[in-house]
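Here is what each chain is made of, one letter per residue.
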Amino acid sequence: MFKLTSLNLNGIRSANAKGLEAWLTLTQPDCICVQEVRAQAADMQGRFEHLAGLRGHFHFAEKKGYSGVGLYTRHEPSEVRVGYGSSQFDAEGRYVELRFDTPNAKRSIISCYFPSGSSGEERQQAKFRFLEEFYLHLAQLKSEREFILCGDVNIAHQEIDLKNWKGNRKNSGFLPEERAWMTKLLTEAGLVDVYRQLHPSTTDEAYTWWSNRGQAYAKNVGWRLDYHLATAGMASGARSVDIYKGEKFSDHAPLTIDYDWALDAGT
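All figures in this text were calculated on a predicted structure; none of them were measured in a lab. (Residues numbered from 1 in each chain as written. Predicted model: local features only at pLDDT ≥ 70, side-chain atom pairs only at ≥ 80, totals over all residues. Heavy atoms only, no water.)

A.B. asks: Hey, could you run me through helix α2 (residues 20-27) in this one?
C.D. replies: An α-helical turn contains 3.6 residues, so any two residues separated by three or four positions project in the same direction. For α2, every residue scored as buried is listed here: Leu20, Trp23 and Leu24. Axial view of α2: buried residues confined to an arc of 100°, hence all on one face. Facing away from the buried side of α2 by over 90 degrees, the exposed positions are Ala22 and Leu26. Among the residues trailing α2, Gln28 stands out with phi positive, at a value near 55°. (Buried < 20%, exposed > 50% of the residue type's maximum accessible area, 1.4 Å probe, protein only. Helix = DSSP H or I, 4+ residues; strand = E, 2+ residues; numbered from the N terminus. Arc of directions from axis to C-beta.)

A.B. asks: Would you take a moment to explain the environment of Val221 for this structure?
C.D. replies: With respect to the helices and strands, the residue Val221 is situated in the loop between β11 (209-210) and β12 (222-223). A C-alpha to C-alpha distance of 7.5 Å links Val221 and Leu162, two positions 59 residues apart in sequence.

A.B. asks: In this structure, what is going on with the sheet that holds strand β6 (residues 79-82)? I would like to understand it.
C.D. replies: Paired through their backbone hydrogen bonds, the strands of a sheet run either parallel or antiparallel. The six strands lie next to each other as β6-β7-β8-β9-β13-β10, forming an open sheet whose pairing is mixed. Strand pairing shows two members of the sheet lacking a second neighbour, β6 and β10 (192-193), which therefore form its edges. Sheet topology note: the β6/strand β7 (residues 95-99) ladder contains four bridges and is antiparallel. Its bridge partner being in β7, Glu79 is matched across the sheet by Arg99. Sheet strands touched by helix α5 (residues 176-187): β10 and β13 (226-230). Its angle to β13, the strand with the most contacts, is close to 30°. (Pairing = 2+ DSSP bridges. Contact = heavy atoms within 4.5 Å. Axes fitted to C-alpha atoms, helices over the stretch in contact; angles between N-to-C directions.)

A.B. asks: What should I look at first to understand the packing of aromatic side chains in this one?
C.D. replies: Think of a pair of aromatic rings as described by two things: how far the centres are apart, and how the planes are tilted against each other in angle. According to the stated counting rule, one finds 18 aromatic pairs in the structure shown. Where Tyr95 meets Phe134, the ring centres are 6.0 Å apart and the plane angle is 80°; that geometry is what we call edge-to-face. Remark: Phe134 occurs in helix α4 (residues 121-144) and Tyr95 occurs in strand β7; sequence separation between them is 39 residues. This pair shows no difference in class: Tyr95 is buried, exactly as Phe134 is. (Phe/Tyr/Trp six-rings, centres within 6.5 Å; stacked < 30°, edge-to-face > 60°.)

A.B. asks: Help me out: how do you make sense of the pairing of strand β8 (residues 107-113) in this one?
C.D. replies: Working note: regular strand, side chains alternate between the two faces of the sheet. For β8, the buried fraction is high: seven of the seven residues fall into the buried class. Taking every second residue as pointing to the same face, both faces of β8 are buried, with Arg107, Ile109, Ser111 and Tyr113 on one and Ser108, Ile110 and Cys112 on the other. Of the strand pairs in this sheet, β7 and β8 are connected by five bridges, and their pairing is antiparallel. Following the sheet pairing, Val96 is matched in β8 by Ser111. Relative to strand β9 (residues 146-152), β8 is paired through seven bridges, and the arrangement is parallel. Bridge pairing in β9 links Ile109 to Ile148.

A.B. asks: Just checking my understanding: could you explain α5 for this structure?
C.D. replies: Across its 12 residues, α5 extends 16 Å between first and last C-alpha, which sits within 8% of the 16 Å expected from 1.5 Å per residue. The set of residues buried in α5 consists of Glu178, Trp181, Met182 and Leu185. Down the axis of α5, the smallest arc covering the buried residues is 95°, so these residues share one side. Along α5, exposed side chains directed more than 90 degrees from the buried face belong to Pro176 and Thr187. For α5, the elements touching its buried residues are α4 and β13. (Expected span 1.5 Å × (residues − 1).)

A.B. asks: Help me out: how do you make sense of the environment of Gln45 in this one?
C.D. replies: Relative to the assigned elements, Gln45 resides in the loop between α3 (41-44) and β3 (50-51). Separated by 116 residues in sequence, Gln45 and Asp161 place their C-alpha atoms 38 Å apart.

A.B. asks: For this particular structure, what's the right way to read the pattern of salt bridges?
C.D. replies: Pairs may arise between side chains of opposite charge once their charged atoms sit close together. Inspection of the entire model under this criterion finds 15 salt bridges. Residue Glu36 is joined to Arg38 by a salt bridge in which the shortest nitrogen-to-oxygen separation is 2.7 Å. For Glu92, the salt bridge goes to Arg123, with nearest N and O atoms at 3.2 Å. Residue Glu92 is located in the loop between β6 and β7, and its partner Arg123 is located in helix α4; the two are separated by 31 residues in the primary sequence. What emerges from the salt-bridge pattern is a single network uniting Asp161, Asp193, Arg196 and Arg224. (Salt bridge = Lys/Arg side-chain N within 4 Å of Asp/Glu carboxyl O.)

A.B. asks: When you look at the packing of α4 against α5 in this model, what are you seeing that I'm missing?
C.D. replies: Each packed pair of helices is defined by two parameters, the angle between the axes and the distance between the axes. In the contact formed by α4 and α5, the axes pass within 11 Å of each other and the chain directions differ by 5°. One finds that α4 runs roughly parallel with respect to α5. Contacts from Gln124, Lys127, Phe128, Leu131, Glu132, Tyr135 and Leu138 in α4 reach Glu177, Glu178, Trp181, Lys184 and Leu185 in α5. Of the residues belonging to the contact of α4 with α5, the class tally is six nonpolar, one polar and five charged. (Parallel < 35°, antiparallel > 145°, perpendicular 65-115°, else oblique. Nonpolar A, V, L, I, M, F, W, Y, C, P; charged D, E, K, R; others polar.)

Structure (structure tokens):
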């Protein structure tokens, strides 16, 4: 069984101070995809290159204290790709892909952090540009290999994916254009929302993010913003899912899915 976790850290130093590494030591994932590392290479040296025996690979933002993604793994990749070839968004540290190719299979695990548009119209338009070009990237990648993309997508796809959907129809993260993009990805592009494959109708238990305002976490007024998006071949191995809420490492909860295959065997 292959255990794959995704978690937006909201800062790796903060998340680790809240017990992240101890939890990883206990749960022993094969890979954990992390987003919002909010650190530079110099900050990681001697401290965060490895966590709980897992080796990290990173894409840092040029802007200090901003964005950044990582992928910690106990398996040695055949290739590491940092960025997806975007003239605008690769500078923001949003994409790292580990390839685990064998003579029998081409497979990738990707950690990705989609832009948020909640800070204003300028960033919302940037988010739309990202979605447009990233769709093309994923479609091309799917034609070449099997993959699972884990990350904070910053989109709640369906009404069952957030508590107050009626009041958020004009807010970033639940805009009609964003939801339509996700539908297109899961239909025309043929990717699979692995959580929904396993749990097609859950609502309250599906949330992975809660605002720090008010009593959102205590009242479970949440959103499902974190995903495993996979090609059908890799999604078919999904067996069980866990959204861990026993501890709070950030404003997101870790999303873990167990898959019935092994990367190194290509089976």
